[in-house]
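# Summary of the model geometry
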Amino acid sequence: MALTMLDYGYNNKYSTSYGANGATDGGGFVAGEPQSSPAGGKGGYGKDTVRPVTIKQIIDAQQPHPDADFRADGEPFVQVTFVGQIRSISTQPTNITYKVDDGTGIVEVKQWIDGDANPDKMDVEPNKPRLVEDGYCRVWGRLKAFNNKRHIGAHIIRPITDYNEIFYHLLEATAVHLFFTRGPPPSAQSNGQKTGAANGVGESRQEFATAGDSALPNVSPLARRVFNTLKNTPQSNEGLHVQMIASQMGMPVSDVYKGAEELLAIGIIFTTVDDNTWAVLEA
Amino acid sequence: MSGSMSTPRILPAHLHAFAPGSSAHNTVRIMGIISTVSGDQATLTCLNDAVTILLNRDSHLSVGSMYEVVGKVVNIEGGHGLGLRVLSSTEWPRNEQGQLPDLKLYEAVVDSTHRYKSIFYDDGEAGTDTGH
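Chain B goes by Replication factor A protein 3 in an unreviewed UniProt entry, where it is assigned to Capronia epimyces CBS 606.96. Quoted verbatim from the Subcellular location (unreviewed entry) field of UniProt, the annotation for chain B is "Nucleus". Its UniProt record, at the heading Sequence similarities (unreviewed entry), says of chain B: "Belongs to the replication factor A protein 3 family."

Taking an unreviewed UniProt entry as the reference, chain A is identified by name as Replication factor A2 belonging to Capronia epimyces CBS 606.96. The record held by UniProt for chain A lists under Subcellular location (unreviewed entry) the comment "Nucleus".

Shown next as structure tokens:
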């Protein structure tokens, strides 16, 4: 009883907050819609989420038309983070421009000078590492295009003190690139919000290897289970009937239909003798 | 445009793929610990392999320290194989725990940059692309 009430309270709060958002934004995500949201935890990556990238990805990012969001791997983004070596620092009246090189390309990073800030701030902590030419830095900022020239408007730029962070960043950028191009690793799907980047290096590499092997794109855990049953159950070239799959998996027929629909939509299974019998499309 | 400015990260074993003539693009980036310095040559050791570094007048490399070297792959005079002519070198210091950066991690990064090349280097560049 107590549990049920708690549940109810939570759901109530959930729908209220989204409802309020919808009203101010004039649309977007409304309560009752979650079923139709993109599968596989994609919803966790809004375009305002900071995206770890390489400088080549910034240079290569596409902009369908001026004022549109930049896209990398087909995914819009605004905020980025990267690491690189400072090739030059030039102090302008209104900003400091750093040329940053991460081995994949070079980009200009501009940090606007806050007129009200104390210019001697740097001297307060003389032992604090500083941004110097040839030193490495971590940048958080926004990609901007001005007169066809791209630069990063930096929110924060700080020197790197543990150089392993450079390796870490390049691997994280790779993990996120793989997330968008190949879908989340299997364990991330079952856990919802967990991402490959949150795991240890060795572990996430392994996960991506298996995600690549099964060649299963971004689908729900249910569809993934239906796919694995279809793939691993001995069968004739007519494939398996929905009843067979349901009894094999110990799941209601209606759930099998749901999963199969997803798989049919992306074309990795096909109907054989009738609409309720499917086989895996072998690549 | 990015092609001329990118410097692929490699291990000593990949040097031949960026040798003069075999690739239009032979400016690379490599990491390791300086094991010997003599005259205008030094040896950079990365895990169990090493590469000969041809120094320029500005490079002051000290034995036992870790460096990231950006350089051009060249034939060493006298038929001594391939080496790297230094364009720039940066010392990678120890962290607050007193540890040097992890070269095993560097190896993983090199592997991943060549495996998922599209976000790191242009296609025209040589390397050990394993075809993904």
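More follows now that the structure is in view.
Attention shifts here to the confidence of the model for chain B. Per-residue confidence for chain B averages 87 on the pLDDT scale, and 89% of its residues sit at or above 70. With pTM at 0.65, the complex prediction returns an ipTM value of 0.89.

Moving on: the nonpolar core. I166 of chain A together with I30, I53, V69, W92 and Y106 of chain B are the most contacted members of the largest nonpolar core, which has 39 residues in total. Listed by contribution, the elements that provide at least two residues to this core are α4 (164-182) of chain A together with β2 (27-38), β3 (41-46), β4 (49-54), β5 (66-75), β6 (82-91) and α2 (103-115) of chain B. At five residues, α2 of chain B tops the list of elements feeding residues into this core. Here Y106 of chain B is in contact with F167 of chain A together with R9, I10, L11, R29, I30, M31 and C46 of chain B, once residues within four sequence places are set aside. Within the second largest apolar cluster, 21 residues are counted, among which are I58, A61, I86 and L143 of chain A.

So, about the sheet that holds strand β9 (residues 240-241) of chain A. Residues and elements named next belong to chain A. Strand order in the open sheet formed by three strands is β9-β11-β10, and the pairing between neighbours is antiparallel. Of all the strands in the sheet, the pair left with one neighbour each is β9 and β10 (269-271). Relative to strand β11 (residues 277-280), β10 runs antiparallel, the two sharing three bridges. Looking at the pairing, T271 lines up with W278 of β11. Along the sheet, helix α7 (residues 221-232) makes contact with β9, β10 and β11, crossing β11 at roughly 80°. Across the sheet, helix α9 (residues 253-265) is in contact with β10 and β11; its angle to β10 comes to roughly 105°.

Glancing now at the pairing of strand β8 (residues 149-159) of chain A. Residues and elements named next belong to chain A. Sheet topology places strand β6 (residues 106-112) next to β8; three bridges connect them, and they run parallel. Paired with K110 across the strands is G153, a residue of β8. Linkage of strand β7 (residues 136-146) to β8, two consecutive antiparallel strands, is achieved through a turn of two residues, within which N147 is found at a positive phi near 50°.

On to the interface of chain B and chain A, then. Contacts between the two partners involve 32 residues from chain B, matched on the other side by 30 residues from chain A. Roughly 2600 Å² is buried in total at the junction of chain B and chain A, and carbon and sulfur atoms are behind 61% of that figure. Counting every contact that joins chain B to chain A gives two salt bridges. Between D122 of chain B and K56 of chain A there is a salt bridge, and its shortest N-O distance comes to 3.4 Å. Broken down by secondary-structure element, the contributors of at least two residues to the side of chain B that touches chain A are α1 (2-5), β2, β5, β6 and α2 of chain B. In terms of residues, the side of chain B that touches chain A owes the most to one element, α2 of chain B, which gives six residues.

What counts and how
- Chains are numbered independently. Their residues run from 1 in the order of the written sequence.
- Working convention: letters from A go to chains and numbers from 1 go to ligands, in the order in which they are written.
- Confidence filtering applies because this is a predicted model: local features only for residues at pLDDT of at least 70, side-chain atom pairs given and counted only at 80 or more, and all residues used for totals across whole chains, interfaces and linings.
- Excluding hydrogens and water, the side-chain figures rest on all heavy atoms present in the structure.
- UniProt positions are given in the numbering used here, feature names are shortened, and annotations may be inferred rather than shown by experiment.
- As a per-residue quantity, pLDDT reports the predictor's confidence and falls between 0 and 100.
- In this description, a nonpolar core means a group of buried Ala, Val, Leu, Ile, Met, Phe, Trp, Tyr and Cys residues linked to one another through side-chain atoms lying within 4.5 Å.
- Burial here depends on accessible area, computed with a 1.4 Å probe over protein chains only, as a share of the maximum for the residue type. Under 20% is buried, over 50% is exposed, and the range in between is partly exposed.
- Helix and strand labels come from DSSP, where a helix needs a run of H or I of at least four residues and a strand needs a run of E of at least two; each type is numbered from the N terminus.
- The criterion used for residue contact is that any of the two residues' heavy atoms lie within 4.5 Å.
- Following DSSP output, two strands are said to pair if at least two bridges run between them.
- Where helices are involved, their axes are fitted lines through C-alpha atoms of the stretch in contact, as for all axes, and angles between N-to-C directions lie from 0 to 180°.
- Two parts placed together each lose some accessible area under a 1.4 Å probe, and adding up what both lose gives the buried area.
- Any carboxyl oxygen of Asp or Glu within 4 Å of a side-chain nitrogen of Lys or Arg constitutes a salt bridge here.

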